[in-house]
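Descriptive structure summary
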Amino acid sequence: MSVPRPAAVIVLAAGEGTRMKSRTPKILHELCGRALVDHMLAAARGLRPGRLIVVVGHERERVRSHLERTSPEAQVVVQAEQRGTGHAVRVALETAGAVDGTVLVTYGDTPLLRTATLAALLERHAHDGNAVTVLTAEVPDPRGYGRIVRDTTGAVLEIVEEKDAGPEQRAIREMNSGVYAFDGLLLADAVKRVSTSNAQGEEYLTDVLSILRGDGHRVGAHVAADHVEVEGVNDRVQLAFARRVLNSRLLEAHMRAGVTVIDPDSTWVDVDVTLEPDTVIHPGTQLHGRTAVAAGAEIGPASTLTDTIVGEGALVRNAVCVEAEIGPEAVVGPYTYLRPGTVLARKVKAGTYVEMKNARVGEGAKVPHLTYVGDAVIGKGANIGASTIFVNYDGVAKHPTTVGEHAFVGCDTMLVAPVNIGDGAYTAAGSVIDGDVPPGAIGVARGRQRNIEGWVARRRAGTRSAEAALRAAEAENQQGSGT
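As the structure is a prediction and not an experimental result, all values here were calculated from the model.

Criteria and cut-off values
- Residues numbered from 1 in each chain as written.
- Predicted model: local features only at pLDDT ≥ 70, side-chain atom pairs only at ≥ 80, totals over all residues.
- Heavy atoms only, no water.
- Helix = DSSP H or I, 4+ residues; strand = E, 2+ residues; numbered from the N terminus.
- Rg over C-alpha atoms; globule rule 2.2 N^0.38 Å.
- Buried < 20%, exposed > 50% of the residue type's maximum accessible area, 1.4 Å probe, protein only.
- Contact = heavy atoms within 4.5 Å.
- Areas by Shrake-Rupley, 256 points an atom, 1.4 Å probe, with all protein chains shown as cover.
- Lys, Arg positive; Asp, Glu negative; His and termini not counted.
- Charge placed at Lys NZ, Arg CZ, Asp CG, Glu CD.
- Phe/Tyr/Trp six-rings, centres within 6.5 Å; stacked < 30°, edge-to-face > 60°.
- Core = buried A, V, L, I, M, F, W, Y, C linked by side-chain atoms within 4.5 Å.
- Patch = residues over 30% accessible without salt bridge, like charges linked within 9 Å, V, L, I, M, F, W, Y side chains within 5 Å.
- Salt bridge = Lys/Arg side-chain N within 4 Å of Asp/Glu carboxyl O.
- Polar contact = N/O pair within 3.5 Å; in protein donor to acceptor, adjacent residues only side chain to side chain.
- Axes fitted to C-alpha atoms, helices over the stretch in contact; angles between N-to-C directions.
- Parallel < 35°, antiparallel > 145°, perpendicular 65-115°, else oblique.
- Left-handed = near helix turned anticlockwise from the far one by under 90°.
- Nonpolar A, V, L, I, M, F, W, Y, C, P; charged D, E, K, R; others polar.

This paragraph deals with the overall build of the protein chain. Along its length, the protein chain carries ten helices and 37 strands. For the protein chain, whose C-alpha radius of gyration is 33 Å, the value lies well above the compact-globule estimate of 23 Å for 483 residues. Judged by the C-alpha coordinates and their principal axes, the protein chain covers about 120 × 50 × 45 Å. Burial analysis of the protein chain (483 residues in total) assigns 45% to the buried set. Considering only residue pairs separated by 6 or more positions, the protein chain has 40% of its internal contacts joining residues 24 or more positions apart. Only carbon and sulfur atoms are counted for the fraction: they give 49% of the accessible area of the protein chain, which is about 23,100 Å². Between the mean site of the 51 positive side-chain charges and the mean site of the 58 negative ones, the protein chain shows a separation of 4 Å.

Written out as structure tokens, the structure is:
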């Protein structure tokens, strides 16, 4: 049967998350390029719900600001006092209004939960005609979880918290994920009747199940295929575990789509990274943000790309690239830093110990090594010699440099911006160029060399340098005398 769209999804995201020991709200901690809550919202969004409601509490303004950027369609509801999960749902329904239809309740700290698993829960809920269906999982070690107690027909009798469970119940390995599909109108009524007569004085959503069952309604369960999906993130250890699991999923999907990942254990990708078939990812590579790599490109080893576009057949080795664009068949690295605004055309070379910022480099141009290029336009086929510095900053403002097509900039040149090097022009090695060089000319700006004979013997007498110079002079004299 087709999966019904939920009338609403309520994401509970009000907790403080004290075990994270962080100034950052737990649900805003990131893994694989998204905050925890954004992973859950993405999974919920895949169900095409009629309404998407997020309950916030701790650091509410900070969380609200984040959600306005990432999920502007979500309705944010404030739980001013965190008095339990049942209270959070009651506040959500009192603020947003009762919902006629299926209401899915889930959490902002379960980043591994997939849309497909939530869809299967909704399908089971509709098929069985339940008032509530709880998502459960069979876990190897159920300690710390609420246990699902069923009757002989398999119907859910209750959820027993571990502290209240007897020996027989503690042996149950089916645990409560805390994710539920409810009949919306029944939920709105039952959640008002949840008691606070417990050790914590809180309203627990689990009590809604016993209320609905007591009213004669059917309570069911759906067992998740993989228990890892329903595990929440409560501390940094669990955050790291979730990151490994999600990264492994992403890499597997890429590999099955035709990408070669040499060493998945040392390769990390974010959820919004796109990789075309026949891309090769070498060990030690991290691809972040909306990085996009075209077919046939090779990335790594030891490269980190953030929000960077890589063209077909490009080669990027031992490089850090941020908000850059690398053209087809370009070669970058090793030990290259491409900063925001850098655009390399087809077959450009940006070589060893090269740093570029806000630079546009024309087709086939070469910046082979030991060079800084900032705020510049380099023409097609130009060659930038080793140890060239584009001197773009005067202490107050940044200034541009233009290097023409097929120009040749000699080694150890300082190009003091603003300055233009014309098409086909040269600069002599060791020059400080602070004036324009016309097309076809050579710019020479360096002092003339002079040698002071005997300086070492006079000023560095007794040193090894002086001794070496003396030996060389004696050898030259002997050769001159023919002995």
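The next point concerns the packing of aromatic side chains. With the rule as written, the count across this model stands at three aromatic pairs. Note on Tyr180 and Phe182: the rings are 5.4 Å apart at their centroids and 40° apart in plane angle, and the pair reads as tilted. Like Phe182, Tyr180 is buried. Look at Phe408 and Tyr426: their rings are 5.1 Å apart centre to centre, the planes differ by 25°, and that puts the pair in the stacked class. On the criterion of sequence distance, the pair formed by Phe408 in strand E32 (residues 408-409) and Tyr426 in strand E35 (residues 426-427) is long-range, its members being 18 residues apart. A residue is classified by how much of its surface remains accessible, and Tyr426, at 41% relative accessible area, is partly exposed.

If you look at the biggest cluster of nonpolar residues, it comprises 69 residues, and the most contacted ones within it are Ile10, Val89, Leu104, Phe182, Leu187 and Val208. Setting aside its immediate chain neighbours within four residues, Val89 contacts Ile10, Leu12, Val105, Leu187, Val191 and Leu205.

The next subject is the side chain of His125. Structurally, His125 can be placed in helix H4 (residues 115-128). The contact partners of His125, leaving out residues within four places of it in the chain, are Thr102, Asn130, Ala131, Val132, Thr133, Ala181, Phe182 and Asp183.

Take a nonpolar patch on the surface next. On the surface, a cluster of nonpolar side chains totalling about 390 Å² of accessible area is made up of Phe408, Tyr426, Ile442 and Val444. Using a relative accessible area of 33% as the deciding quantity, one classes Phe408 as partly exposed.

With that out of the way, let us pick up the environment of Ser266. Position of Ser266 among the secondary structure elements: in the loop between strand E12 (260-261) and strand E13 (268-269). With a relative accessible area of 21%, Ser266 lands in the partly exposed category. Separated by 195 residues in sequence, Ser266 and Ala461 have C-alpha atoms that sit 57 Å apart. Each residue touching Ser266, except ones within four places of it in the same chain, is listed here: Pro283, Gly284 and Thr285. A polar atom in the side chain of Ser266 sits 2.9 Å from the side chain of Asp263. Engagement of the side chain of Ser266 in a polar contact is seen with the backbone nitrogen of Gly284, the distance being 3.1 Å.

This paragraph deals with the pattern of salt bridges. Pairing is possible between side chains that carry opposite charge, provided their charged atoms lie close to one another. In the structure shown here, the tally under the stated rule is 21 salt bridges. Across the salt bridge formed by Glu203 and Arg90, the nearest N and O atoms sit 2.8 Å from each other. Here the residue Glu203 occupies a position in the loop between helix H6 (184-190) and helix H7 (206-214), and Arg90 occupies one in helix H3 (residues 85-96), the gap between them amounting to 113 residues. For Glu203, a relative accessible area of 6% puts it in the buried group. One salt bridge in this structure joins Arg346 and Glu329, with 2.8 Å as the shortest N-O distance. Note that Arg346 is positioned in the loop between strand E26 (343-344) and strand E27 (349-361) and Glu329 in the loop between strand E23 (325-326) and strand E24 (331-332), a separation of 17 residues in sequence. A residue is classified by how much of its surface remains accessible, and Glu329, at 38% relative accessible area, is partly exposed.

Let's shift gears to the side chain of His254. Inspection of the secondary structure puts His254 in helix H8 (residues 236-256). Assessed through its relative accessible area of 13%, His254 is described here as buried. Sequence-distant contacts of His254, that is, excluding residues within four places in its chain, are made with Val259, Val269, Val273 and Leu275.

Before going further, it helps to examine the packing of helix H1 (residues 36-45) against helix H2 (residues 60-70). Geometry of a packed helix pair, given as the angle between the helix axes and the separation of the axes. Here H1 crosses H2 at 45°, and the two axes come no closer than 11 Å. Relative to H2, H1 is oriented oblique. Judged by the sense of rotation from one axis to the other, the crossing of H1 with H2 is right-handed. Listed contacts from H2 to Val37, Asp38, Leu41 and Arg45 of H1 are His66, Leu67 and Thr70. Split by residue class, the contact of H1 with H2 holds three nonpolar, two polar and two charged.

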